[in-house]
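# Residue-level structure breakdown
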Amino acid sequence: MSKEIPFKSIVVGEVLGPIEYTIKKRHVESYTQDWRDPNPMYLTDSPFGGPIAPPAYRAGLDGFSLLATKYDTHATIGVKTEHAFFSPVPIGKRLITRGVLADKYIKRGIEYVVVKFTMTDEDGVKIRESTDHIALSVERVIR
Amino acid sequence: MIVSSEAVHVGSKLVATRHTAYQRSLVERTFLPKSIHRDDYTQSRGYAGALMSSYVLCGYMSEIMVNSFGEHYIKGGKISIKFFGGGVQNGDKITVKGTVSDKVKEDRGTRVVCDIWMEKNDGRKVVAGRASALLPNEG
């Protein structure tokens with residue numbers, strides 16, 4: 001069981017965030033180097049008018065970041081991640097992600113939480129809707 | 001790149017992507033005890049070593065869809081994946097593969113659904129799920 005996030009302390013329905021950040025050109029360049037994915041849509045031009053960030057950029061990280069606004073997440077581990085992409089992820093715009101702690105459950109002795117969240121840009125354009133299932137730790141619950 | 005739903009058939013294979021897995025923070029940062037990003041903790045729990053973050057693996061899984069469907073995945077696409085099988089460690093040779101598993105008519109086009117998965121060099125799957133792109137109908 002998780003000592004960092006006591007299962008009983010988790011409040012289903014709790015609002016998480018918002019978290020805000022801006023993806024800059026240098027972030028995308030770092031991504032293309034680390035992932036060895038020099039897609040020209042990220043570096044030069046795209047069908048959307050100018051370069052964009054990869055659609056899954058930080059996609060699986062924002063759920064953890066939201067959870068970390070209320071809980072100690074350092075021992076957590078992602079087990080399932082889901083995303084729907086509504087608009088390209090813009091470079092240079094402020095991105096706002098709001099979430100909710102949608103569920104908690106125990107399966108095969110491991111404790112999990114479900115975080116649902118939506119990203120919009122500074123103009124209110126919906127970018128992504130996401131759901132993360134996060135194990136609170138790899139330690140099994142003994143009850 | 002696949003630009004129309006008529007150009008793709010159930011059973012078609014996507015062009016696989018291959019990488020040496022790399023997460024910069026696993027090299028540059030020090031993590032707290034009981035973090036899955038530490039070799040000592042993960043190895044004490046039966047893993048081969050520090051686990052790469054799920055968001056990094058999600059990036060690798062998404063790449064094959066961008067390469068295959070471009071803007072039709074970037075706007076209107078979906079992805080749902082699970083992580084298992086001991087995870088991925090920095091330096092692992094990984095291959096992401098996919099096949100078209102379904103085509104579903106929607107108001108704005110045809111959703112092309114793909115089974116996608118990541119294998120390590122020994123053929124063991126460590127990530128798997130489904131992703132889709134929304135392609136225009138011809139005519």
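Coordinates for the structure precede this section.
Residues numbered from 1 in each chain as written. Chains lettered and ligands numbered in written order. Predicted model: local features only at pLDDT ≥ 70, side-chain atom pairs only at ≥ 80, totals over all residues.

## Digging into the overall build of chain A
- The helix and strand tally for chain A stands at 3 helices and 5 strands.
- Starting at the N terminus, the α and β elements of chain A follow one another as β-α-α-α-β-β-β-β.
- Taken over 143 residues, chain A has a buried fraction of 38%.
- When contacts within chain A are restricted to residue pairs at least 6 apart in sequence, long-range pairs at least 24 apart make up 73% of them. (Helix = DSSP H or I, 4+ residues; strand = E, 2+ residues; numbered from the N terminus. Buried ≥ 20, exposed ≤ 12 C-beta atoms within 10 Å, placed from the backbone. Contact = placed C-beta atoms within 7 Å.)

## Examining the overall build of chain B
- Each helix and strand in chain B was counted, giving 4 helices and 5 strands.
- From first element to last, N terminus to C terminus, chain B shows the α and β order β-α-α-α-α-β-β-β-β.
- Along the first, second and third principal axes, the C-alpha atoms of chain B reach 60 × 25 × 20 Å.
- Residue burial in chain B is summarised as follows: out of 139 residues, 41% are buried.
- Taking all contacts inside chain B whose residues are at least 6 apart in sequence as the whole, residues at least 24 apart take part in 66%.

## Regarding the interface of chain A and chain B
- The interface is formed by 29 residues belonging to chain A together with 29 residues belonging to chain B.
- When residues in the side of chain A that touches chain B are grouped by element, the largest group, 9 residues, is from strand S2 (residues 77-85) of chain A.
- Tallied by class, the residues present in the side of chain A that touches chain B amount to 15 nonpolar, 8 polar and 6 charged.
- Pairing of S2(A) with strand S2 (residues 78-83) of chain B, which is carried by 5 bridges, proceeds in the antiparallel orientation. From the neighbouring strand, His83(A) faces S2(B), where its bridge partner is Ile79(B). (Nonpolar A, V, L, I, M, F, W, Y, C, P; charged D, E, K, R; others polar. Pairing = 2+ DSSP bridges.)

## Points about the sheet that holds S2(A)
- Reading across from one edge, S1(A)-S3(A)-S4(A)-S5(A)-S2(A)-S2(B)-S5(B)-S4(B)-S3(B)-S1(B) is the order of the 10 strands in this open sheet, with antiparallel pairing throughout. The strands lining the two open edges of the sheet, one partner per strand, are strand S1 (15-22) of chain A together with strand S1 (17-20) of chain B. The average angle at which neighbouring strand axes cross in this sheet is 20 degrees, direction not considered.
- Relative to strand S4 (residues 110-121) of chain A, strand S3 (residues 94-107) of chain A is paired through 12 bridges, and the arrangement is antiparallel. Bridge pairing in S4(A) links Leu95(A) to Asp121(A).
- Contacts from helix H3 (residues 54-69) of chain B reach S2 of chain A together with S1, S2, strand S3 (93-106), strand S4 (109-120) and strand S5 (125-135) of chain B, with the element oriented near 140 degrees to S2(B). (Axes fitted to C-alpha atoms, helices over the stretch in contact; angles between N-to-C directions.)

## What about the environment of Val96(B)?
Residues and elements named next belong to chain B.
- Structurally, Val96 can be placed in strand S3.
- Exposure remark for Val96: the 23 C-beta atoms within 10 Å place this residue in the buried category.
- Each C-alpha atom of the pair Val96 and Cys114 lies 12 Å from the other, and the pair is 18 residues apart in sequence.
- For Val96, the residues in contact, after removing those within four places along its chain, are Ala16, Thr17, Tyr60, Met61, Glu63, Ile64, Ile116 and Met118.

## Considerations on the pairing of S4(B)
Residues and elements named next belong to chain B.
- By the bridge criterion, 12 bridges tie S3 to S4 in an arrangement that is antiparallel. Within S4, the position partnered with Val96 by the bridge is Met118.
- Pairing geometry for S4 and S5, over 10 bridges, is antiparallel. Across the sheet, residue Glu119 finds its bridge partner in S5, namely Lys125.
- Between S4 and S5, which pair antiparallel and follow one another directly, the connecting turn spans 4 residues, one of which, Gly123, has a positive phi of 90 degrees.

## Overview of H3(B)
Residues and elements named next belong to chain B.
- The end-to-end C-alpha distance of H3, which contains 16 residues, comes to 23 Å, matching closely the 22 Å that a straight helix rising 1.5 Å per residue would cover.
- Within H3, 15 of the 16 residues are buried, leaving the element largely enclosed by the surrounding structure.
- In the segment just after H3, Gly70 is the residue with positive phi, at about 50 degrees. (Expected span 1.5 Å × (residues − 1).)

## Side note on the environment of Glu139(A)
Residue and element names in this part refer to chain A.
- As for its position among the elements, Glu139 is in the segment after strand S5 (126-135).
- The exposure class of Glu139 is partly exposed, given the 16 C-beta atoms found within 10 Å.
- Considered as a pair, Glu139 and Ala75 are 64 residues apart in the sequence and their alpha carbons are 9.5 Å apart.

## Brief notes about unusual backbone geometry
- Put simply, Gly17(A) and Pro18(A) share a cis peptide bond, and its omega is 10 degrees.
- Within the element layout of this structure, Pro18(A) appears in strand S1.
- With phi around 50 degrees, Arg36(A) is a residue other than glycine that occupies positive phi space.
- Mapped onto the fold, Arg36(A) is located in the loop between helix H1 (25-34) and helix H2 (40-43).
- Phi at Lys34(B) is positive, roughly 70 degrees, even though this residue is not glycine.

## A closer look at the nonpolar core
- Judged by nonpolar contacts, the single largest core of 65 residues is most densely connected at Leu67(A), Val115(A), Leu57(B), Met61(B) and Met65(B).
- Among the elements that line this core, the one with the most residues is H3(B), at 10 residues.
- Filtering out sequence-adjacent residues up to four positions away, Val115(A) remains in contact with Leu16(A), Gly63(A), Leu66(A), Leu67(A), Gly99(A), Leu101(A), Ala102(A), Asp132(A) and Ile134(A). (Core = buried A, V, L, I, M, F, W, Y, C linked by C-beta atoms within 7 Å.)

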